[in-house]
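Residue-level structure breakdown
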Amino acid sequence: MKDLPDSEERRANLKGLGCARKRVEDARFTQGKGNYVDDIKLPGMLFGDFVRSPYAHARVKSIDAAAALALPGVVAVLTAKDLEPLGLHWMPTLAGDKQMVLADGKVLFQGQEVAFVVATDRYIAADAVELVEVDYEDLPVVVDPFKAQEPDAPVLREDLEGVTEGAHGPRRHHNHIFTWEQGDAAGTTAAIDASEVIAEETIYYHRTHPCPLETCGCVASMDKINGKLTVYGTFQAPHVVRTVASLLSGIDEHNIRVVSPDIGGGFGNKVGVYPGYVCSIVATIVTGKPVKWVEDRMENMMATAFARDYWMKGRIGATKDGRITGLHAHVTADHGAFDACADPTKFPAGFFHICTGSYDIPVAYCAVDGIYTNKAPGGVAYRCSFRVTEAAYFIERMIEILAIKLGMDAAELRRINFIRADQFPYTSALGWEYDSGDYHTAWDKALKAVDYAGLRREQAARVEAFKRGETRRLLGIGLTHFTEIVGAGPVKNCDILGMGMFDSCEIRIHPTGSAIARLGTISQGQGHATTFAQILASETGIPADKITIEEGDTDTAPYGLGTYGSRSTPVAGAATAMAGRKIRAKAQMIAAYLLEVHDNDLEWDIDRFVVKGAPERFKTMAEIAYAAYNQAIPGVEPGLEAVSYYDPPNMTYPFGAYVCVMEIDVDTGEHEIRQFYALDDCGTRINPMIIEGQVHGGLTEALAIAMGQEIAYDDMGNVRTGTLMDFFLPTAWETPNYQTDWTETPSPHHPIGAKGVGESPNVGGVPAFSNAVHDAFRAFGLTQTHMPHDHWRIWRTARDLGLHG
Ligand code: PCD
């Protein structure tokens with residue numbers, strides 16, 4: 001219908017889709033009024049702390065807790081022996097493996113949980129940890145996944161001895177977990193072998209850690225009178241925790257309440273189930289008192305889920321004018337001591353097979369071998385949807401290396417291989433159906449914005465000046481065009497521990513025209529309370545300021561699979577829109593009754609139903625809501641509520657074009673980011689300001705990973721970077737200025753056309769930073785050097801290329 005005079009005002013009043021609405025949660029976050037797990041204090045609460053292994057591989061010969069138990073205030077010391085009768089000394093992992101809750105006979109990584117001390121305060125617990133005497137006999141350590149596969153490598157998982165069939169097929173060595181393959185092996189090899197140009201390289205994506213501001217923790221409280229267990233925790237998937245807790249403990253699911261309060265950053269670190277949760281639950285059941293466990297920073301970095309650690313061997317073929325003919329990838333994936341990767345069950349290597357990226361590659365193959373080593377378990381999607389960042393890094397490095405082989409400009413090589421806008425929906429050689437995209441438009445916009453041709457001229461002049469000895473600084477231009485895959489997922493192929501990955505929203509409209517909506521997801525800082533209300537405002541005509549969004553309490557929220565993998569917008573966001581539409585459908589019947597017309601005689605206008613052709617006759621959503629509660633309407637139930645469980649028909653495929661312009665000092669190895677341009681396309685944009693914040697945050701994490709952040713081990717399996725002295729966490733000082741931009745290509749299958757965005761900047765950012773470093777040295781013969789590009793490594797690269805004279 002055509003806009004009425006006051007349409008614009010009414011639309012603005014809603015603060016709906018597309019509005020840069022200020023974050024409603026910031027009022028409490030910026031004033032210290034957040035409510036995090038460590039803020040929860042229950043009467044009589046006890047505190048748990050772990051005795052952890054100093055060894056990476058050792059037999060545990062004995063544990064003597066007598067001195068610890070003698071310390072006043074110590075209530076209990078739990079070991080595997082205490083958990084064994086309950087069947088809780090091991091627990092299942094998300095990846096189909098099992099993991100020790102407390103050391104059972106041996107330890108397999110430094111920092112592994114050995115005993116759980118429970119005391120009346122946090123300090124006594126820590127003192128008692130020091131008093132527990134553990135007798136270890138050290139065993140040979142393997143930290144290299146290639147050495148782990150040698151015939152005489154030490155057997156790490158004695159519990160699996162003789163087990164030749166794993167959760168994902170046959171195991172061919174005692175330290176081998178699985179081989180997972182996708183695509184056409186023979187066809188790919190044949191196509192590449194027959195190519196005019198072939199590039200081959202091993203790309204290592206090092207081990208790192210999400211390192212959220214708040215570490216992991218929980219408060220478990222068993223109410224023995226009512227038989228109810230409540231667990232507050234830093235959970236990115238509270239409902240899944242409830243179901244797992246019920247299955248493991250035997251407590252009926254309705255008697256368990258899991259609450260995720262405010263969460264200080266998740267980044268995948270808070271998806272898995274950790275021994276601390278199990279021990280706290282056992283301890284509250286045993287003592288009848290609430291038990292709090294909150295890990296410290298070193299524990300978080302040493303023992304909770306790491307990310308990446310993928311050795312990716314690539315082979316790519318092309319015609320001599322740059323048409324890609326095939327892509328072959330083999331990954332050696334270091335999973336540490338237990339396979340505790342957080343991926344949908346059927347995808348042991350996540351969505352790594354998005355590794356054909358933004359390119360129309362006719363044939364491809366990828367294989368991933370998962371390997372046990374004496375490192376911490378994990379393998380989480382640290383700001384990436386299940387190994388997508390590894391895949392994007394791999395293809396964006398392979399493209400650069402191919403460009404070098406071809407003697408071609410890397411921007412042009414990308415352009416001629418992009419999937420064209422008219423090819424969507426596009427099925428990739430590795431089986432994904434990309435929903436929508438317009439890569440050429442985004443790419444041209446990005447190159448124009450940074451004056452790409454001008455940058456290349458400047459770079460060439462710089463190389464000449466360097467050669468003449470007039471400068472010691474090189475210029476790198478880091479290009480990336482990434483395609484993500486987010487929104488897991490269709491229930492038909494995506495589940496976690498058997499639970500289909502749908503999501504949900506339940507809305508209740510109050511009589512006076514305000515509302516509460518509850519979702520199965522849980523914000524960790526993303527701003528869901530702000531943005532989901534915007535979706536509902538546009539769908540229902542109730543201003544976003546009048547809608548409360550609540551997440552994270554399993555007693556009240558509908559079942560959902562949680563927030564990670566940028567799935568909230570694609571899945572719960574869709575559920576929210578659909579639930580809003582159900583509200584509107586019922587509202588239409590009520591309005592028709594009130595206006596004494598047929599349903600079909602009404603049309604929706606921003607915040608009201610209007611009689612077609614008679615704009616002065618209408619009922620606002622607020623009036624309709626009131627009527628729903630105070631009038632008997634024939635054939636219509638009282639109340640105005642709706643619930644939607646949404647199973648997405650496909651994933652969404654956000655994409656982006658990033659350019660990083662970096663200066664490198666050859667003598668010190670220092671870098672300076674002169675410009676960073678990030679164009680993101682996440683389909684329909686709900687809140688441009690939140691999107692910009694997401695992009696800034698994700699790029700800064702990408703900067704950290706590419707330029708310094710690493711979980712490094714020595715040969716003995718000691719974690720060398722277990723504190724923030726050694727683990728690079730960028731501050732405002734190191735963070736460059738970012739320039740953000742967008743195109744908007746809606747998802748055709750999402751009710752409002754939105755795709756995820758939270759992870760994109762990390763997925764695209766890492767290759768952009770890394771490619772800039774590589775590109776600076778391209779003129780001097782560098783093809784590949786491993787991340788992280790800290791000052792020392794860059795200095796060494798310059799030295800190895802003979803640039804120090
Ligand atoms: N959006 C908008 N629009 C569009 C899209 C989106 O607006 N189109 C927005 C929403 O609403 C939100 C955000 O943005 O609010 C995001 O989204 P997404 O993408 O959907 O996502 P989510 O699901 O919500 O979330 C998740 C993500 C992830 S995944 C990560 S890592 C990170 C990110 O998110 N994390 C974080 N971001 C963030 N932020 C913060 N602050 N914090 C955090 O923690 Mo994983 O997987 O977990 O690794």
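Criteria and thresholds
Numbers given for residues are sequential positions, taken from 1 along each chain in its written order. Local features in a predicted model are, by the rule used here, given only for residues with pLDDT of at least 70; side-chain atom pairs are given and counted only at 80 or more, and totals for whole chains, interfaces and linings are based on all residues. Side-chain measures were taken over the full set of non-hydrogen atoms in the model, leaving aside hydrogen atoms and water. Think of it in three bands: residues with accessible area under 20% of the maximum for their type are buried, residues over 50% are exposed, and the middle band is partly exposed, with areas taken using a 1.4 Å probe on protein chains only. Where helices and strands are cited, they refer to DSSP runs of H or I of at least four residues and of E of at least two residues respectively, numbered from the N terminus. Two strands qualify as a pair provided DSSP detects at least 2 bridges between them. Any two residues whose heavy atoms approach within 4.5 Å are treated as being in contact. Whether two aromatic rings pair depends on their centres lying within 6.5 Å, for rings of Phe, Tyr and Trp, where Trp uses its six-membered ring; planes under 30 degrees apart make the pair stacked, over 60 edge-to-face, and the rest tilted. Over a ring means this: the NZ of a Lys or the CZ of an Arg is within 6 Å of the ring centre and within 35 degrees of the ring normal. UniProt positions are given in the numbering used here, feature names are shortened, and annotations may be inferred rather than shown by experiment. Inter-axis angles, ranging from 0 to 180 degrees, are taken between N-to-C directions of lines fitted to C-alpha atoms, where helices are fitted over the stretch in contact. Here a residue is considered near a molecule or strand provided that any single heavy atom belonging to it is located within 4 Å of it. By the criterion applied in these results, polar contacts are pairs of N or O atoms within 3.5 Å in which, for protein atoms, one can donate a hydrogen and the other can accept it, and in which residues neighboring in sequence qualify only through two side-chain atoms. Asp, Glu, Lys and Arg are counted as charged, while Ala, Val, Leu, Ile, Met, Phe, Trp, Tyr, Cys and Pro are counted as nonpolar; the rest, among them Gly, fall into the polar class. Domain segmentation is taken from an automatic or database assignment of domains. Note on angle classes: values under 35 degrees are labelled roughly parallel, values over 145 roughly antiparallel, values of 65 to 115 roughly perpendicular, and the remainder oblique. For a crossing to be left-handed, the near helix must be turned anticlockwise from the far one by less than a right angle; the clockwise case is right-handed. Accessible surface is computed with a 1.4 Å probe, and the buried area is the amount of it that two parts give up when combined, taken over both parts together. Basic side-chain nitrogens of Lys or Arg form a salt bridge, by our definition, when they fall within 4 Å of a carboxyl oxygen of Asp or Glu.

With respect to the pairing of strand β32 (residues 655-665)
- The element β32 is extensively covered by neighbouring structure, given that 11 of its 11 residues are classed as buried.
- The sheet contact formed by strand β22 (residues 473-483) and β32 spans 11 bridges and is antiparallel. Of the residues in β32, the one forming a bridge with Leu-479 is Val-659.
- The pairing of β32 with strand β33 (residues 671-681) spans 10 bridges and is classified as antiparallel. In the sheet register, Glu-663 faces β33, and the bridge partner there is Glu-672.
- Between β32 and β33, which pair antiparallel and follow one another directly, the connecting turn spans five residues, one of which, Gly-669, has a positive phi of 75°.

What to know about the environment of Asp-360
- Within the fold, Asp-360 resides in the loop between β18 (324-336) and β19 (364-372).
- Here Asp-360 falls in the partly exposed class, since its relative accessible area comes to 22%.
- Expressed as a C-alpha distance, the spacing of Asp-360 and Ile-324, which sit 36 residues apart in the sequence, is 7.9 Å.
- Aside from chain neighbours lying at most four places away, what touches Asp-360 is Asn-417, Phe-418, Ile-419, Gln-423 and Tyr-426.

Quick notes on the pairing of strand β25 (residues 503-509)
- In terms of burial, β25 is largely enclosed, as six of its seven residues are buried.
- Direction of pairing for β25 relative to strand β26 (residues 515-519): antiparallel, over a ladder of five bridges. Paired with Cys-505 across the strands is Leu-519, a residue of β26.

Considerations on the sheet that holds strand β8 (residues 133-138)
- Spatially, the three strands line up as an open sheet ordered β6-β2-β8, and their pairing is antiparallel. Of all strands in the sheet, those with a lone pairing partner are β6 (106-107) and β8, marking the two edges.

Here we look at the packing of aromatic side chains
- Evaluation of the coordinates by the stated rule reveals 33 aromatic pairs.
- For the pair Phe-347 and Phe-351, a centre-to-centre distance of 5.2 Å together with 90° between the ring planes defines the contact as edge-to-face.
- Assessed through its relative accessible area of 9%, Phe-347 is described here as buried.
- We classify Phe-351 as buried; its relative accessible area is 0%.
- Ring centres of Phe-347 and Trp-432 lie 6.1 Å apart, and the angle between their planes is 25°; this geometry places the pair in the stacked category. Taken as a pair, Phe-347 in the loop between β18 and β19 and Trp-432 in the loop between β20 (426-427) and β21 (433-434) lie far apart in primary sequence, 85 residues in all.
- Over the ring of Trp-90 we find Lys-98, and its NZ or CZ is 4.5 Å from the ring centre.
- Sitting above the plane of the Trp-742 ring, Lys-445 keeps its charged end 6.0 Å from the centroid.

Focus: the UniProt feature "domain: Aldehyde oxidase/xanthine dehydrogenase a/b hammerhead" (unreviewed entry) in the protein
- With numbering aligned to this structure, UniProt lists the feature "domain: Aldehyde oxidase/xanthine dehydrogenase a/b hammerhead" (unreviewed entry) at residues 31-140.
- Between the C-alpha atoms that bound residues 31-140 there is a distance of 51 Å. The span itself is 17% helix and 36% strand.

Considering the sheet that holds strand β17 (residues 307-318)
- With mixed pairing, the five strands of this open sheet are ordered in space as β11-β19-β18-β17-β12. This sheet does not close on itself; its edge strands, each paired only once, are β11 (176-183) and β12 (197-208). This sheet shows a mean twist of 10° between the axes of neighbouring strands, independent of strand direction.
- Note: β18 against β19, nine bridges, orientation parallel. Bridge pairing in β19 links Thr-332 to Asp-369.

So, the site of the ligand
- In the vicinity of the ligand lie 35 residues, with Ala-381, His-528, Gly-565, Thr-569 and Gln-694 positioned nearest.
- Within the backbone of Gly-266, a nitrogen or oxygen atom sits 2.7 Å from an oxygen atom of the ligand.
- In the environment of the ligand, an oxygen atom lies 2.8 Å from a nitrogen or oxygen atom belonging to the backbone of Gly-758.
- Those elements that place two or more of their residues in the shell around the ligand are α14 (528-540), α15 (568-595) and α17 (688-707).
- Counted by class, the shell around the ligand contains 12 nonpolar, 19 polar and four charged residues.
- In terms of domain composition, the shell around the ligand takes at least three residues from each of domain 1 (10-35 + 503-646) and domain 3 (389-400 + 408-485 + 651-800).

Regarding the side chain of Arg-387
- For Arg-387, the location among the structural elements is in the loop between β19 and α10 (388-406).
- At 3.2 Å, the side chain of Arg-387 forms a polar contact with the side chain of Tyr-310.
- Contact partners of Arg-387, with chain neighbours within four places excluded, come to Arg-308, Tyr-310, His-335, Cys-341, Ala-349, Gly-350, Phe-351, Phe-352 and Gly-379.

Examining the packing of α10 against helix α11 (residues 410-417)
- One can describe the packing of α10 onto α11 by two numbers: an axis separation of 9 Å at closest approach and a directional angle of 110°. Taken as axis vectors, α10 and α11 run roughly perpendicular relative to one another. When the axes of α10 and α11 are compared, the crossing they make is right-handed. Residues Glu-396, Ile-399, Glu-400, Leu-402, Ala-403 and Leu-406 of α10 form the contact with α11, whose participating residues are Ala-410, Leu-413 and Arg-414.

A look at the domain arrangement of the protein
- On domain assignment, one finds that the protein holds domain 1 (10-35 + 503-646), domain 2 (41-139 + 214-264 + 270-303) and domain 3 (389-400 + 408-485 + 651-800).
- Domain 1 and domain 3 are separated by 38 Å when their C-alpha centres are compared.
- Contacts between the two partners involve 26 residues from domain 1, matched on the other side by 18 residues from domain 3.
- The junction of domain 1 with domain 3 conceals about 1,500 Å² of combined surface from both sides, 64% of it contributed by carbon and sulfur atoms.
- On inspection of domain 1 and its partner domain 3, the count reaches zero salt bridges.
- At the boundary of domain 1 with domain 3, the tally comes to 11 residue pairs in polar contact (both at pLDDT 80 or more).
- Elements with a minimum of two residues in the side of domain 1 that touches domain 3: α14 and α15.
- Here the side of domain 1 that touches domain 3 takes seven residues from α15, the largest share from any one element.

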